[in-house]
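Survey of secondary and tertiary structure
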Amino acid sequence: MISINVTPNDILQMRFAFSPLLEACTSFHMLRKGNPYPSQYLQWIDEALRALHDVGLPYMEALLGGNSYVPDFLTPTPTAPGVDFEEDLKRLCATPTSIIEDNLQLLIAIAGESDIRKDALAHPREMICALVEELRTYWDYTLAHHWSRMIAILENDILYRAREQALYGASDMLNGLHPKFGYKDGNLFIDKEWKWKFPPPCVAPDFHYDIAGQGIQIVPTIFSFPKLYWQISDDYQPMFIYGARGTGLWHYAEPDDPEEALQITMGVGRSRVLYALMTPRSTTELAYMLDITSGAVSQHLSKLNQAGLVESSRSGKRVFYRLSQRGQKLIDVFN
C-alpha cells in the first residue's frame, strides 16, 4: 500500500488535465505489452499494428516498449486539458538534460542496458531529437485522426468528475476514480506494491510521500484502462492517471435510430440529435456520428434548447450538450 499525505488546500486546488503525449506513450506501451489486450482496444490495436508495419521506432521501443518503468520526461504532468501535440513535443524538447540523464539511469537499472539506452545516456540531446521525430510519426500513423473524438471522451469524463465533486464532495469523487485509489483522513492511498528491483546506486522509492503544498493533477486517459498510474517526483507536479469512462468509444458504431413515432413528431434530423444526446456530446462529435454538417447540428440544438429538451455546459474551449430532465422524459415516453 502506498500512501500520499496531502493538505485540504491540495484537495481544494486539485485540477484535471490530459495530454496527447501521454496518450501516445500509454498507447504505444499497450501495443508493445502484447496480448492479452483489453477487448475495447482490439479494433484500434489491429488498425495501429497494420499502420506501423515496417515502420522503425527504435528509440520508442527502447524507452517505452513493454518496460515496467517509463521515464518521467516522456510523461510530464499536463497543465491544462487538450494541449496540442506539437506543444507537448516542444515541452519534451525543453526538458533539462539532468532530468533526462537521471531518468535514463533509472530505466537502465530497472530494465537493463541496451545499445540504444547507453547511446541515449551518452548523447541525451541527440536522443531527444530522434525520439521527437519517432513520436510524431507514431502519432500521425495511429492517433492523429482519432484525437478530436478522444478529446470528447476525455472532456466528458472531466465533466462527469466535476459534477460528482460538486454534488458529493472531493472525497467521494476521488474514491470513485479507480478501485485501487482512495482518499481518507488527509491521505491518498494506492493499493499497489513495488515489483521492480533497484540495484545500487539507485534507491527504491518510499511507500509514503508527503506532497503537501505541491497540488495534484488528476489525469484521465484513453489507454491506461484498467490500470492506475501515478507519478511523484521532484521534477514534476504530482499526478494520478486513470482510465476515462467510455474508453474505446472513439470507434463509433452508428447510433440506434429513434422510435418512428418520435421521428414523426419532431422530424428525423432533430430526433436523431436528441437520441444521440443520451450521452453528452459536442457539436463536432454529433456531426461525425450522425454524418451531417456542424451547421445542421447547431440548428437542431438551438431548437431543442429553446424547447427545454437539452442543456449545455462548457469544458475548456468546448461546449457539451446533454439531455435535460424534460428531454429524457420525452425519450422515455416514446421508448
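Let me sum up the structure you'll find in this document. (Residues numbered from 1 in each chain as written. Predicted model: local features only at pLDDT ≥ 70, side-chain atom pairs only at ≥ 80, totals over all residues. Heavy atoms only, no water.)

With respect to the sheet that holds strand E8 (residues 239–243)
Ordered in space as E2-E6-E8-E7, the four strands form an open sheet in which the pairing is mixed. Pairing within the sheet leaves two strands with one partner each, and these edge strands are strand E2 (15–16) and strand E7 (229–231). Bridge analysis of E7 against E8 gives three bridges, and the strand direction is antiparallel. Bridge pairing links Trp230 to Phe240 in E8. With respect to the sheet, helix H2 (residues 20–33) is in contact with strand E6 (217–221), E7 and E8, its orientation differing from that of E6 by roughly 55 degrees. Running over the sheet, helix H9 (residues 147–168) touches E2, E6 and E8 and is turned about 135 degrees from E6. (Pairing = 2+ DSSP bridges. Helix = DSSP H or I, 4+ residues; strand = E, 2+ residues; numbered from the N terminus. Contact = heavy atoms within 4.5 Å. Axes fitted to C-alpha atoms, helices over the stretch in contact; angles between N-to-C directions.)

Details of the side chain of Glu23
In this structure, Glu23 sits in helix H2. Within the buried core, Glu23 has no salt-bridge partner, and the shortest N-O distance to an opposite charge, that of Arg161, equals 13 Å. Of the polar contacts made by the side chain of Glu23, one reaches the backbone nitrogen of Ile222; its length is 2.9 Å. Dropping the residues within four chain positions of it, Glu23 is found in contact with Leu143, Trp147, Met150, Leu154, Pro220, Thr221, Ile222 and Phe223. (Buried < 20%, exposed > 50% of the residue type's maximum accessible area, 1.4 Å probe, protein only. Lys, Arg positive; Asp, Glu negative; His and termini not counted. Salt bridge = Lys/Arg side-chain N within 4 Å of Asp/Glu carboxyl O. Polar contact = N/O pair within 3.5 Å; in protein donor to acceptor, adjacent residues only side chain to side chain.)

Thoughts on the sheet that holds strand E4 (residues 187–190)
Across the sheet, which stays open at both edges, the four strands sit in the order E3-E4-E1-E5 with mixed pairing between neighbours. One side of each edge strand has no neighbouring strand; the edge strands of this open sheet are strand E3 (181–184) and strand E5 (208–210). Taken over all neighbouring pairs, the strand axes of this sheet differ in orientation by 20 degrees on average, direction set aside. Two elements, strand E1 (residues 2–5) and E5, share three bridges in a ladder whose sense is parallel. Opposite Asn5, over in E5, you have Asp210 as the bridge partner.

Shape descriptors only; they carry no functional weight alone.
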